[in-house]
Amino acid sequence: MQEIELKFLVPESRLKGLMRQTHVKSSQVTQLAAHYYDTPDQQLAQAGIGLRIRKEGDTWVQTIKAGGDGIAARLEHNAVLDNEQVQAMLDNNELIPDLTIYEDTSVAAALVDFKLKKLAKTLTRLYVTDVERTTRLLTESNEDETDNCIEMAYDQGEIIHGTDDSLRKAIQEIEFELVSGDLDFLFTTAKTWCKRYKLCLSTVTKAENGGLLINGQNHSPAVNANLSQLQIDKDSSTPAFIRAVVHNCLLQILPNSSAIVAGSIDDDHILQLRIGIDRLRTALKAFVDFSDEINPEWLPILKQTANLLSDYYQLAYINAQIEPELQACGAPAVDWTTDIEDIKITPINTLQANDFQITLLELIAFTMSDPSIEPQTDQLARDKLTKVLSKQYKKCLKTNKKADEVSNEVSVTELVSDDVDLNTDIADNDHTESDLLNQLRDLRYISEFSTPLLSKKKAKKKTKRWLKRLIKAQKALEQLNDDNQYQQFYELKSTTDANALYGAGWFTAILTDDQSHIDARLAKFADSSTFW
């Protein structure tokens with residue numbers, strides 16, 4: 001069977017109010033003691049599989065979870081075990097899962113890469129969980145006299161290392177699982193609770209948390225974009241295509257967002273989350289006509305979130321990366337700690353905002369909705385992608401030409417004009433280059449999303465070469481943009497700390513040297529024939 005559930009972390013400030021709603025007369029409290037299994041090198045976890053034996057009240061149940069959409073849906077198989085047999089194995093410290101259960105079941109495909117007899121011999125108990133679960137059913141009657149039903153489960157407890165019970169990790173989360181009825185009821189209910197109690201979506205499973213515990217980690221590594229997970233066939237309709245693209249973006253956004261709301265301040269989580277949001281924004285703008293279900297309110301919320309993340313990331317990156325590099329070259333130390341602490345809206349504050357969390361829920365609901373009920377379902381995505389790409393490509397070429405003209409004007413003005421005119425021309429040049437960077441970035445993402453449908457087998461090398469030149473041009477301009485911002489940060493900092501003058505001068509020199517390299521990259525991109 002397929003399990004569809006949404007999991008949230010609960011902020012301490014809203015815990016008392018939430019407890020009043022979870023612990024009602026109709027709710028049930030169950031003590032869950034679970035044993036989680038994997039190979040010593042965690043082969044199951046690497047394959048996205050969780051395997052446990054759990055005592056649920058008076059019953060022992062063996063459960064395997066695997067596959068799914070990577071967001072809210074997973075394959076799940078439960079098997080009730082013989083209590084006496086389990087107890088006997090526990091008494092002898094021999095409790096181990098029975099893998100023969102999964103032959104000819106829906107999860108057999110998830111285990112196809114494993115030799116089950118060999119796997120069974122290498123399984124070991126890596127960690128256990130001790131959780132108090134409070135469940136409550138939320139129902140709604142439909143007009144056809146059927147019921148929509150959700151199981152709300154609030155879990156509080158801890159994960160305990162399998163061989164060292166002094167190593168523990170606290171669990172405090174709430175889940176909403178669709179038992180029966182419409183998917184819309186699940187998302188509507190989740191949004192209501194999210195608004196009321198400021199809940200934050202989390203894709204981190206108990207199995208993943210257990211793996212982090214035994215590996216001595218607080219959070220999983222940052223997740224990059226993975227286009228191999230973009231599931232699109234050649235005959236995808238426009239509504240199906242945009243849903244697949246949004247889903248691919250969420251596979252990058254949600255794990256990084258989950259780490260940050262759980263307390264991560266890792267620069268990589270912030271960077272990859274921002275990139276994921278940028279990819280999503282590009283898709284929603286470029287393919288807005290592919291679906292009637294795209295909410296225009298998503299874009300401004302995503303833009304605001306990306307901007308706030310960028311503000312924090314730039315200072316954190318300067319402090320953690322740029323400063324050590326400059327000091328290694330002999331620069332005097334500049335302390336950016338106060339500047340970072342003075343940022344009022346940190347990444348975790350940004351992501352805890354209700355409007356962002358609600359937007360994530362609506363985007364997940366969008367990817368899980370049926371594309372076949374939309375009017376555009378008879379339109380093939382590949383028939384419209386060429387027009388989208390051509391429009392964006394022409395925009396890039398036009399802006400690139402304008403950037404060349406403005407750059408030439410700056411060179412002439414440096415010789416014949418006064419400082420006011422020169423400063424105005426430089427500002428225009430910076431603005432044009434910023435526009436070009438954004439347009440190249442959008443073209444890159446649109447191209448990557450479109451390649452599975454438009455790239456022909458015989459032209460794969462041509463497509464790869466074109467994308468390579470586009471990405472090199474984008475990254476060169478991106479580096480110029482970053483260096484320009486770093487120069488401005490150090491210039492501003494120098495008004496209160498003279499040590500920052502070294503950094504300001506350093507980046508001024510770099511900016512002077514960058515232009516020829518960028519011009520060469522842009523020229524190669526402009527001269528390349530397109531793949532569509």
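The shown structure was predicted, so the numbers you read here are calculated from the model rather than taken from an experiment. (Residues numbered from 1 in each chain as written. Predicted model: local features only at pLDDT ≥ 70, side-chain atom pairs only at ≥ 80, totals over all residues. Heavy atoms only, no water.)

Chemist: Tell me about the overall build of the chain, residues and numbers included.
Modeler: For the chain, the helix and strand inventory stands at 16 helices and nine strands. A principal-axis box enclosing the C-alpha atoms of the chain has dimensions of 95 × 60 × 50 Å. In the chain, which comprises 532 residues, the share counted as buried stands at 47%. For the chain, contacts bridging at least 24 residues in sequence account for 74% of all contacts bridging at least 6. Charge-centre separation for the chain: the mean point of 58 positive side chains lies 6 Å from the mean point of 81 negative side chains. (Helix = DSSP H or I, 4+ residues; strand = E, 2+ residues; numbered from the N terminus. Buried < 20%, exposed > 50% of the residue type's maximum accessible area, 1.4 Å probe, protein only. Contact = heavy atoms within 4.5 Å. Lys, Arg positive; Asp, Glu negative; His and termini not counted. Charge placed at Lys NZ, Arg CZ, Asp CG, Glu CD.)

Chemist: Now, about the side chain of E177: what can you tell me, with residues and values included?
Modeler: Within the secondary structure, E177 is located in strand β8 (residues 168-180). One buried charge, E177, has no salt-bridge partner; the nearest side chain with opposite charge is R133, at 6.2 Å. Setting aside residues no more than four positions away along its own chain, E177 makes contact with E3, I4, E5, C149, I150, E151 and L186. (Salt bridge = Lys/Arg side-chain N within 4 Å of Asp/Glu carboxyl O.)

Chemist: Describe the packing of aromatic side chains, naming the residues involved and giving the relevant values.
Modeler: Taken as a whole, this structure holds 22 aromatic pairs when the rule is applied. Centre to centre, the rings of F241 and F290 are 5.8 Å apart; their planes meet at 50°, and the pair counts as tilted. Of this pair, F241 sits in helix α7 (residues 238-261) while F290 sits in the loop between α8 (267-286) and α9 (298-328), placing them 49 residues apart in sequence. The class of F241 is buried, set by a relative accessible area of 0%. Pairing W466 with W532 gives two aromatic rings, centres 5.3 Å apart and planes at 85°, and the pair type is edge-to-face. One end of the pair, W466, is in helix α15 (residues 460-493); the other, W532, is in the segment after α16 (500-527), with 66 residues separating them in the sequence. For W466, a relative accessible area of 1% puts it in the buried group. Within the aromatic cluster, the residues linked to one another by ring pairs are Y313, Y317, W336, Y486, F489, Y490 and F507. Positioned over the ring face of W336 is K493, at 5.2 Å from the centre of the ring. (Phe/Tyr/Trp six-rings, centres within 6.5 Å; stacked < 30°, edge-to-face > 60°. Lys NZ or Arg CZ within 6 Å of the ring centre and 35° of its normal.)

Chemist: Explain the side chain of Q487 to me, using residue names and the numbers behind them.
Modeler: Relative to the helices and strands, Q487 is located in helix α15. Setting aside residues up to four positions removed in sequence, Q487 forms contacts with A504, F507, T508 and L511.

Chemist: Tell me what's going on with a positive patch on the surface, and back it up with residues and numbers.
Modeler: Where like charges cluster on the molecular surface, the positive patch consists of K464, K468, K472 and K524. Per-element tally for the positive patch: the top contributor is α15, with three residues. Along the polypeptide, K464 turns up in helix α15. (Patch = residues over 30% accessible without salt bridge, like charges linked within 9 Å, V, L, I, M, F, W, Y side chains within 5 Å. Areas by Shrake-Rupley, 256 points an atom, 1.4 Å probe, with all protein chains shown as cover.)

Chemist: Break down the pairing of strand β4 (residues 59-66) for me, with residues and values.
Modeler: Of all eight residues that make up β4, seven are buried, and the element is covered over most of its length. Sheet topology places strand β3 (residues 50-56) next to β4; seven bridges connect them, and they run antiparallel. Across the sheet, the residue bridging to I53 is Q62, located in β4. Where β3 folds back onto β4 in an antiparallel hairpin, the turn is made up of two residues, including G57, whose phi is positive at roughly 70°. The pairing of β4 with strand β5 (residues 73-80) spans six bridges and is antiparallel. Paired with K65 across the two strands is E76, which belongs to β5. (Pairing = 2+ DSSP bridges.)

Chemist: Please provide a residue-by-residue account of the pattern of salt bridges, values included.
Modeler: For the structure on display, the rule yields 19 salt bridges. Residue E3 pairs with K65 through a salt bridge whose shortest N-O separation is 3.2 Å. On the criterion of sequence distance, the pair formed by E3 in strand β1 (residues 2-9) and K65 in strand β4 is long-range, its members being 62 residues apart. For E3, a relative accessible area of 4% gives the class buried. Here K493 ties to D339 by a salt bridge, and the two come within 2.6 Å at their closest N and O atoms. Within this pair, whereas K493 is found in helix α15, its partner D339 is found in helix α10 (residues 337-341), the two being separated by 154 residues in sequence. Assessed through its relative accessible area of 11%, K493 is described here as buried. Overlapping salt bridges, with partners in common, bring together K7, R133, D155, E173, E175 and K206 in one network.

Chemist: Could you give me a rundown of the nonpolar core, with the residues and numbers involved?
Modeler: Counting residues in hydrophobic clusters, the biggest one holds 106 residues, and the most contacted among them are F8, I174, F176, L199, F241, F287 and Y490. Setting aside residues up to four positions removed in sequence, F176 forms contacts with I4, E5, L6, F8, L138, I150, E151, M152, L186, T189, W193 and L199. If you look at the next biggest cluster of nonpolar residues, it comprises 18 residues, including L44, L51, I64 and L95. (Core = buried A, V, L, I, M, F, W, Y, C linked by side-chain atoms within 4.5 Å.)

Chemist: Run through the pairing of β5, naming residues and quoting values.
Modeler: In this sheet, β5 lies alongside β1 in antiparallel orientation, the contact comprising three bridges. Along β5, the bridge assignment pairs I4 with A73.

Chemist: With reference to specific residues and values, describe unusual backbone geometry.
Modeler: Unusually for a residue other than glycine, D104 sits at a positive phi of about 60°. Within the fold, D104 resides in the loop between α3 (83-91) and α4 (116-122). Looking at D104, the relative accessible area reads 80%, which means it is exposed. Located in the positive-phi region is K198, a residue other than glycine, with phi close to 55°. Of note, K198 is situated in the loop between α5 (183-197) and β9 (200-201).

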